[in-house]
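Read off the chains here:
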Amino acid sequence: MEELITVQGVSFRYHEDQPHVLRDVSLSVYKGEWLAIVGHNGSGKSTLAKLLNGLQLPEQGDVLVEGYNSRDEESIWEIRRRVGIVFQNPDNQFVGTSVRDDVAFGLENSGMARELMLERISESVLKVRMEDYLDQEPHRLSGGQKQRVAIAGIIALRPSIVILDEATSMLDPAGRKEVLQTMRKLKEEEGMTVISITHDLEEAAQADRLVVMNAGEVIDEGLPVEVFKKGDMLEQIGLDLPFPLQVQRALSEKGYDFSRLTLSQEELVNELWTLQLKV
Amino acid sequence: MDITIKGLEHSYSKGTPFERKALSNINLSIPSGTFQTIIGHTGSGKSTLIQHLNGLLKPTQGSIQIGDFKIQAGVKEKRLKALRKHVGIVFQYPEHQLFEETIEKDILFGPLNFGVPEEEAKKRAARLIQQVGLDESYLSRSPFDLSGGQMRRVAIAGVLAMKPSILILDEPTAGLDPRGRREIMDLFYRLHEEEGLTTILVTHSMEDAARFSDDILIMEKGGIALQGGPETIFSNPEALKKLSLDVPETVQFIHRLEERFTKNLPHSVFTLEAAVDAALSILQKGEENS
Amino acid sequence: MQNIIIGQYVPGQSFIHKLDPRAKLITAFLFVIIVFLANNWITYALLGAFTLLAIFVSRLPLRYIYNGLKPILLVIILTFLLHVFLTKEGPLLFDWGFLEIYEGGVKQGVFISLRLLFLIMITSLLTLTTTPIDITVGIETLLGPMKKVGLPVHEFALMMSIALRFIPTLLEETEKIMKAQSARGAQFSSGPIKERLKSIVPLLVPLFVSAFKRAEDLAMAMEARGYRGGEGRTSIRLLKWSGKDTTLFVILLLLCISLLLLRS
């Protein structure tokens, strides 16, 4: 698999007299995967996002995006063009006075010709299904719609990676679904690489790979099923296991052995069925 | 204090071209001491409804009776401030209302406005800061040096310090991580039980609704779509699906078990423990049969 | 709060609405100068005709124009009275002992008031028929050449458009904070003045805190999306100079020539 981002031994703090927010973090992001970075509030996961597109620079170690090192001043803009971030607050990242203006913002920054911009805009609003709202003002949009506009603004630049930095945490369930569905579709149809930073393990359960952060360090990494085996560890750092796993854990404490971990209720009920047949 | 709402209607920008009806013909009664949950999509009128309960919004039609306070369309209630003393609201993202230099002063803001003597108010602040999970040394610190989650706790203490008998919670855990969410909801439930509060919770979380409520109100398009106890509401997943609302995981689980094992299981299963017990009962029955 | 109208813009499809904002800006600016060419009844009548024609063509309800005038009406009346009483020229019209009114004073009063009236009408017409963002883009384009002498034209325009973007957000926020503090016993709309003044602090502090937070977030989001100042930046907003705009200028030129010929 092609490695798009390499983080090597990165440490970071905001001020010299403050403790480190990230400590010796190393990880890789591969092309076309959905990587979830989980941790509770204050675990350093959002800071990591800022390092991944050069909004912050490592104190130690290196961040490489498709070969560009964020330490080189020249590379920064190449990195930002390749890595887009959807931030948490839908309002505070909407720059334009209308949907069209906002989607155009990144394109304008890159100095693109107007004709091409118009093409890119209609193409990307279509992908996030906001094509009917081009002239709408931001205060008339729902949170989920604003986040979809933010996604459109990013994919219009044709990046290789989109980071969702707790992008759904301020949305209602409907908005959350909207945004995640939009991103899944982009991943499947366009082969977009997605890094989703979240404290929602339900959402993370859908990822291809999981990185667990706590107190500025990467404490675990692997397939969701593998990571979820360490339920105690996840609960200790303040994360909630998905419901089917919680049930399974409680049952295994009562002496029932499952052949495998299940991430969905359907699978769980099937497992219970086989278990019942066995006894 | 009992709450009785009769024929409540609210229109925003009444009498202008932008007039928009947000609530229509709401009839509702919430007996004192109830844990009432209100569920509905964004824009269903939940927030508009709860803001009527302490006079932040005035009805355009109908009336609201809270204890011996009466808010009526077209009639000016002169005792709004007295009413607000009894009805506390924790708004969404309450940390946005913090403004004082110290946490103590911020917690005192409400009580002092309502004429609580300073000594008494300070005692309350000292007790509340611990109740919300911070220690007393925080009182002299600035609220703006805290983390988001801690700011939320301080803001909540500021509302509780008014000692309301009706506590309204508008999505009080939005944006918190799972542990923070659980701690805050447990705090509210404990207060509800210990102080005999009437609690009105607006939430998107079906899990919380199922766990804590005596009564659930589901709103849609400015009206009441469904109402009843958790058992009644969640025993009908089809009705919820029609409103594009989710069913709590525990309830889904029970329904799936019933379907797969063709067995009848108790329906008031709203906690993990109860769900596990249900699964156990099935597995153990299997053992008995064999 | 859903229906805030920023500025005074009234949507429409009239000739004036469709003009290029640059044309409207230049016209308004030139009009301010041309107004001073008028110095007799016929030239004032000409200016009046131009103003009324513009209002008529814009198809705006007169109510909006009147609303624009309302705050300045008192100033106009005072100006009129001041000239009527203080200018002592021409034949005496009235004499009430201490008060003498001369024909010159009345004339002067009417002229100055008309001048003010026309100016206000034409500038309100500009803001009523052009969205604030179009005005901003218009100013940015017109002042574009000034970038070379170091005038921060792009920054100014961006600042304006971000301000316009965030006005509704901040208004909504203000309302929320007011409600939250009212629920904690603050009094904004009733009670003694002293109480009300005191409640400004609990409103303003959270508002500022949140505005700064928003500014910080926005700056980061902008940087993340590759913003690095105005250099090399293109724009999605395109202003199109059309036949209509040239027509406007021809009319303006004719008005100017007529004024020059007819003034005494």
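Model, not experiment: these values are computed from the prediction. (Residues numbered from 1 in each chain as written. Chains lettered and ligands numbered in written order. Predicted model: local features only at pLDDT ≥ 70, side-chain atom pairs only at ≥ 80, totals over all residues. Heavy atoms only, no water.)

1. Focus: the packing of helix α3 (residues 99–109) of chain A against helix α5 (residues 143–155) of chain A
All names here are of chain A. With their axes 7 Å apart at the nearest point, α3 and α5 run at an angle of 40° to one another. By crossing handedness, the relation of α3 to α5 is classed as right-handed. Side by side, α3 and α5 meet where Val99, Asp102 and Val103 of the first sit next to Val149, Ala152 and Gly153 of the second. Looking at side-chain class alone, the contact of α3 with α5 contains four nonpolar, one polar and one charged residues. (Axes fitted to C-alpha atoms, helices over the stretch in contact; angles between N-to-C directions. Helix = DSSP H or I, 4+ residues; strand = E, 2+ residues; numbered from the N terminus. Left-handed = near helix turned anticlockwise from the far one by under 90°. Contact = heavy atoms within 4.5 Å. Nonpolar A, V, L, I, M, F, W, Y, C, P; charged D, E, K, R; others polar.)

2. Quick notes on the domain arrangement of chain B
One widely used convention gives an interface's size as the accessible area the parts lose upon coming together. Residue and element names in this part refer to chain B. Domain annotation for chain B reports domain 1 (3–247) and domain 2 (248–290). Between the C-alpha centres of domain 1 and domain 2 there is a distance of 34 Å. Facing eleven residues of domain 1, the contacting portion of domain 2 comprises nine residues. Of the roughly 800 Å² buried at the junction of domain 1 and domain 2 (both faces included), carbon and sulfur atoms supply 70%. Summed over the shared surface of domain 1 and domain 2, the number is zero salt bridges. Linking domain 1 with domain 2 are three residue pairs in polar contact (both at pLDDT 80 or more), by the criterion used here. Of all the elements in the fold, those that place two or more residues in the side of domain 1 that touches domain 2 are α7 (206–212) and α8 (230–234). When residues in the side of domain 1 that touches domain 2 are grouped by element, the largest group, four residues, is from α7. A class-by-class count of the residues in the side of domain 1 that touches domain 2 yields six nonpolar, one polar and four charged. (Domains from an automatic or database assignment. Buried area = accessible area lost by both parts, 1.4 Å probe. Salt bridge = Lys/Arg side-chain N within 4 Å of Asp/Glu carboxyl O. Polar contact = N/O pair within 3.5 Å; in protein donor to acceptor, adjacent residues only side chain to side chain.)

3. Some words on the sheet that holds strand β6 (residues 83–86) of chain A
Across a sheet, paired strands are connected by hydrogen bonds in the backbone, their directions being either parallel or antiparallel. Residues and elements named next belong to chain A. Taken in spatial order, the six strands make up an open sheet running β6-β7-β8-β3-β9-β10, and their pairing is mixed. The open sheet is flanked by β6 and β10 (217–222), the only strands paired with a single partner. Sheet twist, expressed as the average angle between the axes of neighbouring strands with direction ignored, equals 20°. As paired elements, strand β9 (residues 209–214) and β10 share five bridges and run antiparallel to each other. By the bridge assignment for β10, valine 212 is matched with aspartate 220. The strands touched by α5 are β6 and β7 (161–165); relative to β6, the strand with the most contacts, the crossing angle is about 170°. Helix α6 (residues 173–190) contacts β3 (34–38), β7 and β8 (193–198) of the sheet and is inclined by roughly 140° relative to β3. (Pairing = 2+ DSSP bridges.)

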